[in-house]
Amino acid sequence: MKNYRLIISAFLATTLTAASANNVLLESGTANSTANIVSTDNTPSGEEGESTAAENTNANHTASDFIAEEARLAGINLPKWTPSPTPLPNNAKMGQKLMAKFDPSLKFGGYIVGKYSINDSKEIKNGQRVSNGGFDLRFLRLYANGYCFQDFYYRFQLEVNGAPGEDKGPRIVDAFVEWQKFDFLRIKFGQFKRSFGFENPYSPLLVGMGSYSQATMKLASIGDRIGEHKSSGRDLGVQVQGDLFKAHDGHHWLHYQVGIFNGQGINHADKDRTKDFIGGAWISPVKNLSIGGFGWSGRYVNEKFTDPTTQLPATRRDRWGVGLKYEDKWSVRGEYMSSKGGIVTNINAPKKSDAWYAMVGAPLFKNFKLYGRWDCYRDAKTWNSLQTNWGLSANYNLGKNLIFQANYTFTDKRGTPKLGNHFNTFDLQVYARF
């Protein structure tokens, strides 16, 4: 009997719903006809449509409530009636999908490197002995990086130490986006490290020694010999790079990278109609070992050119290099670089130079690593212009974010006055990452 009663109730509810809807439509039609004949009011038809829809919704609710009550009396559970959601327009759906794919991540961090050094140099400049050392804040950098659209990596880094001024003090060092969807093809655009040399891309925290090699400093543009403002090995441009031929242990057999850059260093616009082309390639016969070469063809414009008798308006920057690196528990790095190009601040300076270094890092015990380096630079590519730095560095890692470092360097300069041709330097450094 309960089921028969429910069937009869449902039939009556359906009849009532139809009747209610017909009454609403008739009333609405009558009102519309009357309005068309008598009234001159310009009420938008949309408002009338909204009123009619509301009345239909009330009618549906009344019928649904009637059926629900009869089902309850019959002991049958029915799902609760809910109105159908209003479909979103296509552009709104596309916006939601786009935001879901955007899914940005963001990480903030930084590091600080403090230093105290002392040396026994007797070098004299401008009639006075040069400083024998002191306290220094090597780096204070802040960065933010992350991913968006899964495949786009972005990074922004500020250097905030140093006295404010042109090309020094607080400034942007990194600002780029890189598309990383494929291992064999990645495209980077913005301001970032030049792709010349193995050591140049290393963070100061990972170099192992208290400073970069002379090859990286002078010829990979950390502090370029040609007179470029301090650019920390970076420039503005675009670079394509990738890894090919994946081995069974996960490493790739071949890496390539090639980029086009302004040639004027960081935070400076291009000053001529030429661009710098920089590239490199290396093979990895075993995991963690890379052997390869690099090339650089470009031109630097002297932005402070005032005197043609003592300065160059511009100079070529044509360089090549070869090297190897192995990074695991042990570290091994070695490179040779050769350069052609003058110094824009000195018209009489040599036009050729070269540099090389060899470095080994040995893990002596847990969290402690000892590095040794033979580091040479020839400003005129002659033996008489050779400067050699013999260095030892002891690194102790207290966790992942704190490094204590003690460095010793013996410097031998040929072709300089006897008082300044060789000396010893000791320094202590603390690296803290946050």
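It should be noted that the structure appears before, not after, this text.
Residues numbered from 1 in each chain as written. Predicted model: local features only at pLDDT ≥ 70, side-chain atom pairs only at ≥ 80, totals over all residues. Heavy atoms only, no water.

> Explain the nonpolar core here, please?
One recurring pattern in soluble globular proteins is that nonpolar side chains are buried together. Counting 24 residues, the largest nonpolar core has Phe-196 and Met-337 as its most contacted members. When residues of this core are assigned to their parent elements, the largest contribution, 3 residues, is made by strand S14 (residues 352–365). Setting aside its immediate chain neighbours within four residues, Phe-196 contacts Leu-219, Ala-220, Ile-278, Phe-294, Gly-295, Trp-296, Arg-319, Trp-320, Gly-321 and Met-337. In this structure, Tyr-111, Val-113, Phe-139 and Leu-205 belong to the second largest nonpolar core, which totals 6 residues. (Core = buried A, V, L, I, M, F, W, Y, C linked by side-chain atoms within 4.5 Å. Buried < 20%, exposed > 50% of the residue type's maximum accessible area, 1.4 Å probe, protein only. Helix = DSSP H or I, 4+ residues; strand = E, 2+ residues; numbered from the N terminus. Contact = heavy atoms within 4.5 Å.)

> What should I look at first to understand unusual backbone geometry in this one?
The bulk of non-glycine residues show a negative phi, and the bulk of peptide bonds are trans. Although it is not a glycine, Asn-267 sits at a positive phi angle of roughly 60°. Relative to the elements of secondary structure, Asn-267 occurs in the loop between strand S9 (252–261) and strand S10 (276–283). Judged by its relative accessible area of 40%, Asn-267 is partly exposed. A positive phi is found at Asn-288, a non-glycine position, where the angle reads about 75°. Looking at where Asn-288 falls in the secondary structure, it is placed in the loop between S10 and strand S11 (289–301). Accessibility expressed as a relative area gives 33% for Asn-288, which makes it partly exposed.

> Is there a simple way to explain the pattern of salt bridges in this structure?
When their charged atoms lie close together, side chains carrying opposite charge are able to pair. The final tally for this structure, using the stated rule, is 20 salt bridges. Among the salt bridges present, the one from Arg-225 reaches Asp-379, with a minimum N-O distance of 3.3 Å. Remark: Asp-379 occurs in the loop between strand S15 (368–378) and strand S16 (386–397) and Arg-225 occurs in the loop between helix H4 (214–219) and strand S8 (234–246); sequence separation between them is 154 residues. In this structure Asp-379 comes out as partly exposed when scored by relative accessible area, which is 24%. A salt bridge links Arg-378 to Asp-354; its shortest N-O distance comes to 2.7 Å. One end of the pair, Arg-378, is in strand S15; the other, Asp-354, is in strand S14, with 24 residues separating them in the sequence. (Salt bridge = Lys/Arg side-chain N within 4 Å of Asp/Glu carboxyl O.)

> Could you clarify how one ought to interpret the pairing of S11 in this entry?
Regular strands show a simple pattern: their side chains alternate between the two faces of the sheet. Note that S10 and S11 share 7 bridges and pair antiparallel. When the bridges of S11 are listed, Gly-280 appears paired with Phe-294. Adjacent in sequence and paired antiparallel, S10 and S11 are bridged by 5 residues, among which Asn-288 carries a positive phi angle near 75°. As judged from the 13 bridges shared by S11 and strand S12 (residues 314–327), these two strands associate in the antiparallel manner. Note that in S12 the partner of Gly-293 across the bridge is Val-322. (Pairing = 2+ DSSP bridges.)

> Quick question: what am I supposed to make of the pairing of strand S6 (residues 171–179) here?
Relative to S6, strand S5 (residues 152–159) is paired through 8 bridges, and the arrangement is antiparallel. Bridging from a neighbouring strand, Arg-155 pairs with Phe-176 of S6. As defined by bridge partners, S6 adjoins strand S7 (residues 186–193) across 5 bridges and the pair is classed as antiparallel. In the sheet register, Glu-178 faces S7, and the bridge partner there is Lys-188. Between the antiparallel neighbours S6 and S7 lie 6 residues.

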